[in-house]
Structures are given as C-alpha cells and as structure tokens.
Amino acid sequence: SQQGEEDPQALSIQEGENATMNCSYKTSINNLQWYRQNSGRGLVHLILIRSNEREKHSGRLRVTLDTSKKSSSLLITASRAADTASYFCATGPYNQGGKLIFGQGTELSVKP
Amino acid sequence: GAVVSQHPSWVICKSGTSVKIECRSLDFQATTMFWYRQFPKQSLMLMATSNEGSKATYEQGVEKDKFLINHASLTLSTLTVTSAHPEDSSFYICSASGLAVNEQFFGPGTRLTVL
C-alpha cells in the first residue's frame, strides 16, 4: 500500500505566488524525495532530503523534513506557469534496498 | 545525469496478447531496477524490484505469473505483460539504480492500451 499521503490533492494559484505541498508517511525512512511529473510524462527528480536533515534548498524549492511528525513539505517560491505539474513525495523505507513508496501526489496549477 | 530509456513509448494490443516493455540504463550499470504502474490521475505503485541475475521481488497483490520480469544484464530489464486485458491498460514506468541505492533514475514510461 502507498505509504505517503499528500495534501492538498489539488492546488491552484496565480503566477508569482508560493505553493506549499505537504507529505506524511508512516514508517522509518532513509530519505524522502520529491518528484515532478508533467501530464503523461516521466518523472523528474527535484530534491532528496536524508532522514538526518531538516531542511534543504534547491533554487526556488525548499523542502523540510520532520521525522518526529513523519512529515515533509515542499515549497515552491515565486511560481511560474511552467511549474504546472503533479508533484509526488516518495519515501525510501529504512533497510529496504532503495525501494521508493510514492504519495498520492498534488496537482499544481499555476495560472498566468 | 544518468539516462534510462524505455521501449516502446506506447503500445496498443489486443486482449489476450502479450506485450514486452524494455528498460535500459544507457550510461551506467543498474544493479537494481524497479517497475511501477500508474493509472490515470493516480500515483505510481511499485510492482516489483529486480536485481541483476536474480528473481524479481513482487509487491503484495502483483501477480508474478502475469507480469514477468527479467533482469538479465546490468543495463536491461524487461517487463512482459502476459495475456493482457483492458484492465492492464496503464502507464508503466521503470527506474534504475546503481551503486547508490538511494538514487533512482526514471525512464520516460510506456503507455499500454489493451483493446
């Protein structure tokens, strides 16, 4: 069964606004990753945060991880229409050989 | 970065036929490959994990006799959907990892439509 739960399921914002997506998971993890998927396309890896890290930045992306609450958030600042896509968190369960369990995803729509 | 390809990118077949999907790591040796299935508007569901030279490990609820996985070399894994039915229509995505097991590189996906 899927381990990650994400909210919101859908998010619609105006260009220039920030978008925040949240992910919760159930078991111990080695790492948590965020991916982006444009409609009908493959996955693009955005960022990986390890279980001993609390925050990570990459360009306009900011990811936080709270292992005590088993949750993570992805913040996209100054959003652009090109950021429109589905975003998935994926957890790497502890001691399961690199396997990834994906959350349900957030469908982000950025209106110009 | 590492590149993973899938072939074909899309396939349409008749009910009852078998379809083979290839996943290749183009510029690295993939010790582990993963196969996922994604239905429309849904997330990716892990189907199985395969290590080169050994039998695949299937997730609960995935029929191993229906979804045959072969990982015969460090650069190629295949998924064969046997006796496909319309409910098998889906987007199948593979990923591959090398020595860094936490790093998976995803293929572009194969869209299967069973008529």
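As for the overall build of chain A
- Assigned secondary structure in chain A consists of 0 helices and 11 strands.
- For chain A, the α and β elements follow one another from N to C terminus as β-β-β-β-β-β-β-β-β-β-β.
- In terms of overall size, chain A behaves like a compact globule, its C-alpha atoms giving a radius of gyration of 13 Å where 112 residues would be expected to give roughly 13 Å.
- A principal-axis box enclosing the C-alpha atoms of chain A has dimensions of 45 × 30 × 20 Å.

Some points on the packing of aromatic side chains
- Applying the stated criterion across every chain yields a total of 8 aromatic pairs over all chains.
- Geometrically, the ring pair formed by Tyr36 of chain B and Phe106 of chain B is tilted, given 5.6 Å between the ring centres and 40 degrees between the ring planes. On the criterion of sequence distance, the pair formed by Tyr36 of chain B in strand S4 (residues 32-38) and Phe106 of chain B in strand S10 (residues 105-106) is long-range, its members being 70 residues apart. In this structure, Tyr36 of chain B and Phe106 of chain B share a single accessibility class: buried.
- An aromatic cluster of three or more residues is present, and its members are Tyr35, Phe88 and Phe102 of chain A together with Tyr36 and Phe106 of chain B.

Description of the sheet that holds strand S8 (residues 71-76) of chain A
Residue and element names in this part refer to chain A.
- The sheet built from 5 strands is open, its strands ordered S1-S3-S8-S7-S6 with antiparallel pairing. The open sheet has two edge strands with one neighbour each: strand S1 (5-7) and strand S6 (55-58). Averaged over all neighbouring strand pairs, the angle between strand axes comes to 15 degrees, with direction disregarded.
- Pairing analysis gives 6 bridges linking strand S7 (residues 61-66) to S8, with the strands arranged antiparallel. Bridged to Arg62 within S8 is Leu75.

Thresholds, definitions, all that
- Residues numbered from 1 in each chain as written.
- Chains lettered and ligands numbered in written order.
- Predicted model: local features only at pLDDT ≥ 70, side-chain atom pairs only at ≥ 80, totals over all residues.
- Heavy atoms only, no water.
- Helix = DSSP H or I, 4+ residues; strand = E, 2+ residues; numbered from the N terminus.
- Rg over C-alpha atoms; globule rule 2.2 N^0.38 Å.
- Phe/Tyr/Trp six-rings, centres within 6.5 Å; stacked < 30°, edge-to-face > 60°.
- Buried < 20%, exposed > 50% of the residue type's maximum accessible area, 1.4 Å probe, protein only.
- Pairing = 2+ DSSP bridges.
- Axes fitted to C-alpha atoms, helices over the stretch in contact; angles between N-to-C directions.

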